[in-house]
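Tertiary structure, described
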Amino acid sequence: MSISKSQVETFKVLVNWLCDAVREPEQFTLSYDAESSAFVRFYHAKVRQAGQVQQAGIGLKLIDDGRHADLHITLSGEQSTDLQRLAEGLQQLRETLPLLPQDPYLLLNHNGWQSQNVQEHPLPDTEQVVAEIAQAAEGLDLVGFYAAGPISRGFASSSGAFGWHQANSFNFDFSLFHENGEAVKASYAGHEWSSEGFARRFQQAREQLELLGRPLRTLPPGQYRAYLAPAALEEIMGMLCWGGFSAQSIASKSSPLQKLYAGDQAFSPLVSLDEKISGSLSPAFSGEGYPRSDLRLIIEGKAGEQLVGSRSAAEYGLAANGAGGGESPSALNMGAGDLPQAEILKQLGTGLYISNLWYLNFSDQPAARLTGMTRFATFWVENGEIQAPVSTMRFDDSAYSLLGSQLEALTAERELLLSASTYSQRNTSSALLPGALVSRLTLTL
Amino acid sequence: MSIGITHVEQIYLSSAGAQLRQAQRFVYPSLDVTAYDGSDSQTRSLGRENFGQQGGADVISRCGLIGAGPQIAGQALQLLLAPNTPQGPRDLLLMPDQMMLQIHESIGHPLELDRILGDERNYAGTSFVKASDFGSLQYGSKLLNVTFDPDIPEELASYGHDDDGTAASKQFLIREGLLVRPLGGALSQFRAGLDGVANSRACGWNRPPIDRMANLNIEPGDQSLEQLIGGIENGILMSTNRSWSIDDARNKFQFGCEWGQLIENGELKGVVKNPNYRGISAHFWKSLRAVGNAGTTRVLGTPNCGKGEPNQVIRVGHASPACVFSNVDVFGGDA
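Residues numbered from 1 in each chain as written. Chains lettered and ligands numbered in written order. Predicted model: local features only at pLDDT ≥ 70, side-chain atom pairs only at ≥ 80, totals over all residues. Heavy atoms only, no water.

Across the junction of Glu24 of chain A and Pro25 of chain A, the peptide omega takes the value 5 degrees, indicating a cis bond. Of note, Pro25 of chain A is situated in the loop between α1 (7-21) and β1 (27-43). Glu309 of chain B connects to Pro310 of chain B through a cis peptide bond whose omega is 0 degrees. Relative to the helices and strands, Pro310 of chain B resides in the loop between β18 (298-307) and β19 (312-320). For Ser424 of chain A, which is not glycine, the phi dihedral falls at a positive 65 degrees. Looking at where Ser424 of chain A falls in the secondary structure, it is placed in the loop between β17 (407-418) and β18 (430-443). Of the residues examined, Ser424 of chain A reaches a relative accessible area of 55% and is grouped as exposed. Even without a glycine there, the phi angle at Asn265 of chain B is positive, about 50 degrees. (Helix = DSSP H or I, 4+ residues; strand = E, 2+ residues; numbered from the N terminus. Buried < 20%, exposed > 50% of the residue type's maximum accessible area, 1.4 Å probe, protein only.)

As structure tokens, then:
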């Protein structure tokens, strides 16, 4: 289940062929995505579905006289077949370009930058992982999903730019269900599988599961003190990242953070948020052909930099900083606070301990007002002690309240959360986040 | 504004000798306008991505895209000037471009048999519906008739067979409010011991087929739009989904729309912005008290239904008339 070491060479063959095939004044960009993934789905602590997916594709953009057209090509792994597909794709784009108008917002990067990042940590054998999971979960109702294997991303252009990113990773995302239907969610993810590390993570989840066996408490709608664990805070940050920092969204007034960027609203000075690509799982270059920069998005509660893709740069006169087409962060890094992990329950006193949130959306997007559900381990705490699990509740509150006027503290410890998303391909985004203690969270249903 | 066109060709072969070929073209028209007054902004669209259908240029004609710009822009400006939606219980008239979301989230997903069996507990969630509820649970009022219908040519998930090779045919899932059949393909039917439908679908070659919604429709009733409005004393019309959130058992929901218009004593009144409403699926459909006729029905859908581990996003269709619900908790925004 490894991507061949010659993968980068395969990509170079395609790039070299293309360099020879394009005719002045044609230009091209070529992006590359590949992965070899083991997928194992668990149900009642047994393997429900297992599969192995090997996929590779390229995105070809042909540019001529201010016109451009794109084509995605699935690769077969056979060099002659793939070169033939590339040749046919090039011809198709050549025939398409004259039919298109010039694009006023086309902004090409003419720098011949070079970037290479290869992380070849050895991955465990899938059978060994399955055996460890089955052993740990014996007698438990575990539902989960294991995804692992190498991921490759590449980029090249007719200007001589070349980027290559390759990393091995695994992500075991799982839930333990109590017989009363309550559940705790956890994950164990990274580059190097450690049997001890997995056993420790599993034990933590198991201990929370015990607490879920207590009689369920149903709360009336109202306002409550609450602690949002890093995984819960990630859901809120995820919503704010949905166009929030996008230069296009900010300029077109569809960003949920437009009041922040207009200076009409602010978060607490405790809140500082970076997009920190360096050292993350994400490639250091965009599919558009720009090296990606570390960015300070929120600085002590105030608006900082924006994510600027090349089209936004051209349309709004900004400098492109390597954002992808959607201009969303992929390596969030939020500053820590000073609340020690061991003091969370004591500082919370009486209120809600929320491990996870679920299915958030906007009640009023320009006001950054959010709604969503509690899911998995949510507990009622009294005088610093967990009393009971809480039945599923809906919240509806403004981000400017939760992370602003009502934010009491952020934890000193932060948790690195790796995306478990596998839509189309395994996601490489991550978030390093603290937990947040808020003095008021509004529950509505 | 954008128009997306997708061609899909699929060949199904089995060792039993099956050879099935399907070739389909999907068209997704989209138009939206955002108006901004220096503080608030309001977006009005032509149904977001939900006007997609199978077909060609006919899809563009049917959805009303041509010439829609001035009207959409005018409505965005009206919303900017409008007051917030008032808070409190009201009768709720949902137009088809919101009904499709209501059907999707609070009928479609809860009736997926793999969710009911527990496969999705780690990701998409469970269901408030139990396997033992089929044939006995009164899901909605007597006016509620819900079908799995793969035979409407222009609807997004019309097909001859699913990805297990099972022939697809129209089936009632809810008849006169009574829950009768789940959304489950051959494997889930075998596991649960229930009859289902041909809805085992994969998003592509690199993902396995699982139980998915396909075309999930509400059958028309007998009232015109004028009659629906005329029957409301204190209510609100909501149109075009813009926000959706529901719990993992698909019960407690909160949805928001782009366009709201108050209804008083049987007449449409002023426009209101940020119209939201919330409820509980298990009770909400019982408050269905009027169903529009075929003249109020629109064939809609979404290309973006996510589910499964590994994750899959797939297209689904929802045809619905306008519908009226009694005494729903509605509210506005902050701005």
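The next thing to look at is the state of the cysteines. Residues and elements named next belong to chain B. Inspection of every chain in the model, using the stated rule, returns zero disulfides over all chains. In this structure Cys323 is a free cysteine whose sulfur lies 13 Å from that of Cys257, the closest cysteine sulfur available. Residue class for Cys323 comes out buried when judged on its relative accessible area of 0%. (Disulfide = S-S within 2.5 Å.)

Bringing the side chain of Gln102 of chain B into the picture now. All names here are of chain B. Within the fold, Gln102 resides in helix α3 (residues 96-108). Engagement of the side chain of Gln102 in a polar contact is seen with the side chain of Tyr277, the distance being 2.6 Å. The residues touching Gln102, leaving out its near neighbours within four places in the chain, are Leu94, Ile107, Phe253, Phe255, Tyr277, Phe284 and Trp285. (Polar contact = N/O pair within 3.5 Å; in protein donor to acceptor, adjacent residues only side chain to side chain. Contact = heavy atoms within 4.5 Å.)

Residues and elements named next belong to chain B. On the basis of which strands lie adjacent, the open sheet formed by three strands has the order β1-β2-β5 and antiparallel pairing. Strands at the two margins of the open sheet, each flanked by one partner only, are β1 (2-13) and β5 (53-54). Pairing geometry for strand β2 (residues 19-30) and β5, over two bridges, is antiparallel. Within β5, the position partnered with Phe26 by the bridge is Gln54. (Pairing = 2+ DSSP bridges.)

Fair warning: the whole summary comes from geometry, so function is off the table for now.
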